[in-house]
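Each chain is listed here by its residues.
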2 protein chains.
Amino acid sequence: MLRKCSGSARKGGRNAELFLNTEVKMNIGIYGYGNLGKALERNCALHSDYNLVGVFTRRNVSAVKTFGAPVYSAESILDFKDKIEVLIIAGGSATDLPVMSPSLAEHFNIIDSFDTHPRMTEHLNNVNSSAVKSCHTALIATGWDPGLFSLARVYMESILPQGNTYTFWGRGVSQGHSDAIRRIEGVADAKQYTVPNLEVYKEVLSYKNPVTDARKMHIRDCYVVLKDGADAGEVERKIKEMPNYFAGYETYVHFISMEEFKREHSTIPHGGSVIRSAHSADESRHNVEFRLQLESNPEFTSSVLLAYARAVQRLYKEGDYGCKTVFDIAPKYLSEKSYEDLIAHSL
Amino acid sequence: MLRKCSGSARKGGRNAELFLNTEVKMNIGIYGYGNLGKALERNCALHSDYNLVGVFTRRNVSAVKTFGAPVYSAESILDFKDKIEVLIIAGGSATDLPVMSPSLAEHFNIIDSFDTHPRMTEHLNNVNSSAVKSCHTALIATGWDPGLFSLARVYMESILPQGNTYTFWGRGVSQGHSDAIRRIEGVADAKQYTVPNLEVYKEVLSYKNPVTDARKMHIRDCYVVLKDGADAGEVERKIKEMPNYFAGYETYVHFISMEEFKREHSTIPHGGSVIRSAHSADESRHNVEFRLQLESNPEFTSSVLLAYARAVQRLYKEGDYGCKTVFDIAPKYLSEKSYEDLIAHSL
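Residues numbered from 1 in each chain as written. Chains lettered and ligands numbered in written order. Predicted model: local features only at pLDDT ≥ 70, side-chain atom pairs only at ≥ 80, totals over all residues. Heavy atoms only, no water.

Novice: Which residues make up helix α6 (residues 198-205) of chain A, and what values do they have?
Specialist: Those residues of α6 of chain A that fall on the buried side of the exposure criterion are Val200, Tyr201, Val204 and Leu205 of chain A. Looking straight down α6 of chain A, one finds its buried side chains confined to an arc of 140 degrees; they lie on one side. Among the exposed residues of α6 of chain A, those oriented more than 90 degrees off its buried face are Glu199 and Lys202 of chain A. In the core, the buried residues of α6 of chain A are packed alongside β7 (163-169), α7 (214-217), β12 (270-279) and β13 (285-294) of chain A together with β13 (285-294) of chain B. (Buried < 20%, exposed > 50% of the residue type's maximum accessible area, 1.4 Å probe, protein only. Helix = DSSP H or I, 4+ residues; strand = E, 2+ residues; numbered from the N terminus. Arc of directions from axis to C-beta. Contact = heavy atoms within 4.5 Å.)

Okay, here's the thing in C-alpha cells:
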C-alpha cells in the first residue's frame, strides 16, 4: 500500500541515527481545544524533546485562553505546513475526525484518537489514502481503548492462543451514558460511572472462564440531579429501561443535590482491565492482566497521544509513510531514551 | 549497524504480503531440551502456522524421549541450515547462550531468552555481529523478564514520564535461591518462593510512592527438607544470614517432610507485576499495571518465545537483519491473525 515518494525514504537496521538529534526539539501542534486539547497542551511540557508550536481552534481565537501556548484559528493551519512536524488532532470521532484526519493528513503527519470501532477500517483506508499520496505518516485510534488495550489484546492472544480475553471498563465516567441521562425530561445534570462487577472479575482471575457478556461484567452507577418538580420514580424507570444504554444492566440511580454533584462528581476518572485467562499445552493456567486506574481520562489519553507523536515523527523520518495503528509501532519508537539506554536499563 | 546483503532486502508500508502465505507453515527447531525445551515442544502445537522440525540435544539422542518431535544431536544442527526458518535456543544464560547464540546466528535466524542483565549489551553486540554478517535475524532476551516486563516498563515510562516504576516478582519459585539453600549442609531438598510484600504493593496502588527497594518489596518463603540428623536451627540461621540471597529480606523457613515436599511443591509457578505510579501535568494520578499469574514458568516463557518466533521470521522476510530485542518488534508481527482481522476485531 506504500506509494514510492520522490523524497529520500530511508530504512535502517537498528536506527541508531534516529536517536542522536535529541537536542533538536520536535515541533508539534494541537488541533482542537476541548478537554483533550487542554490536556495535550499541559502534558506537552513533560516531554523535554517537544516544542508546542500552538493550538488551533474553530472558535473565536480571542475567546480561547490557553495555559500559555499561542492560539491560532483552525483556518490558518496550512500556514504551518513547514512549522509543525506532528499535528495531534483532538476532535470527536462522530463527525470531526472522519473529515479532519484524512484532510489534514494531506499536509501534515497526524495522530488521532478515533474510537468508533465499526468504522475503523474505513477510517484507516481514508487516512492512508491521503497520507500515502502526500508522503506523510499518520497514526489513528491512539489512546487507551482503542490503543493500549488493543495492544494488550494482541500481545496476550499471540502469546496464549488458547483462552478467553476479558475487557472490564471502569470505575469511570461514561460520557455517552451521562449524556443519555441528561436528555431525560426532568434531569438537571447527571453522571454515570461504569463499574466492573467485582464478582465476575474475581471469577476471571480464578480461572473460572465465565461467559463474556459486557452486561454481566459491569454495573452502571448513576448520580442524578433533578429539576424542580421532576418525578424521581419516573426518571429512574426511564434510565433503567433505556435500551442499549441501561436495559439488561445492573443499574443504580442516586438522586443528589446540585451542591453535592458539583462537589463530588467534578472529575473524569476512568480505567479498566484487559485480562487473558488461558492455559498452555500441559494444561497449566495463566492470567495476564493489563490494568489502568486513572484519575483523569483526558490527562491520560493525552499522555498516550504525546508518546506516540514521537513514534510518528520517527517513522516519518525513516520514510515509512501511510496510515498506521499502534500495532505497527515498535515500542522503542515511543521512548525519549536512546536505544543503548533502553537495553542497559529497561530490558 | 545494518550491513547491506546481496539478497533482496525489502521494506514495505503495511506489509500486507507478509500475512498472505498463512497456509505455508513456518519450520522451527528447538535447540536444547530441558524444562524450557520441553515446554517449547508442547506449546508449538498450539500455533497452527508452525511446523516443528525437531529438537536438538547435546545428550545422547537415544536417551531423550520427546512428546513426539524428532530428536537430533546438537552436533548435526548445520545439516538443518536450509530446513529451519527460526531456531529457538533453550539454553542457560550463564554459560550456554553467550556461546550458542552468536555461533548459531551465523547460520540461522535465532531467538533466545538471555537474562543476565549486566551482560546484555555485550550479548546484543556479539549476536548482532554474527547475524549482520550472515544476513540473519536474531532476537535476544525474550520471555517475561526480560521480555514482557521490559516492554511494560518502556510503554509506561514513555507515556507517563513523571512517576515511579515498581517491579514485584512472585509468588513464584526462584531457582537460584532454591539452589542456594540446597547447597547448605544438612539440606536434602528445598524450594524458595519469592512473594510480593502485599503492604508495599497496596501502598504503590494507593499512590503512596514508597521507596523502591527489592528487599522491602518481597518476602522469601522457604520450604526445606532436612537430611537425617541435621540441625534445623543451624540451617535456618544459615539461610537467613546468607548475603545477597536472604540477608536483609523478611525470610520464612518451613521444615517439611520429603513426602509433603513432593506432594505440595512439585510445580514451578511464577508471576509478578510491573506498576507505573505517576502523575500527569494537572497532578491527577494514574496507575498502570501489567500483571502475570502463571502456574508454570517454563510453559509461559515458551509461549512468549513461540509468539516472537513468528516475528523473527517476518522481519527476516522483510530483510531486516541483525540482532533485535522486544523493543524493536511491532506488535502486529507476533499475531497469527491478518492485519485486517486485527483492525476489525482487536483494535
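Novice: Residue-level account of the sheet that holds strand β8 (residues 172-173) of chain A, with values.
Specialist: All names here are of chain A. A sheet is described by the order of its strands in space; here four strands give the open sequence β8-β9-β10-β11, paired in mixed fashion. Edge positions in the sheet fall to β8 and β11 (250-255), since each of these pairs with one other strand and no more. Sheet topology places β8 next to strand β9 (residues 187-196); two bridges connect them, and they run antiparallel. Bridged to Gly172 within β9 is Thr194. The strands touched by helix α5 (residues 175-182) within the sheet are β8, β9 and β10 (218-226), with β9 carrying the most contacts at an inclination of about 145 degrees. (Pairing = 2+ DSSP bridges. Axes fitted to C-alpha atoms, helices over the stretch in contact; angles between N-to-C directions.)

Novice: Lay out the pairing of strand β1 (residues 26-31) of chain B in plain terms, naming residues and giving numbers.
Specialist: The two faces of the sheet receive side chains in turn, since in a regular strand these alternate between them. Residues and elements named next belong to chain B. Extensive coverage of β1 is indicated by the burial of five of its six residues. Sheet topology note: the β1/strand β2 (residues 50-57) ladder contains six bridges and is parallel. Note that in β2 the partner of Asn27 across the bridge is Asn51. Handedness of the crossover joining β1 and β2 through helix α1 (residues 35-44): right-handed. Pairing geometry for β1 and strand β4 (residues 86-89), over four bridges, is parallel. Residue pairing across strands places Tyr31 opposite Ile89, the latter belonging to β4. (Right-handed = clockwise from strand over helix to strand, strands pointing away.)

Any functional reading would require information beyond the geometric quantities listed.
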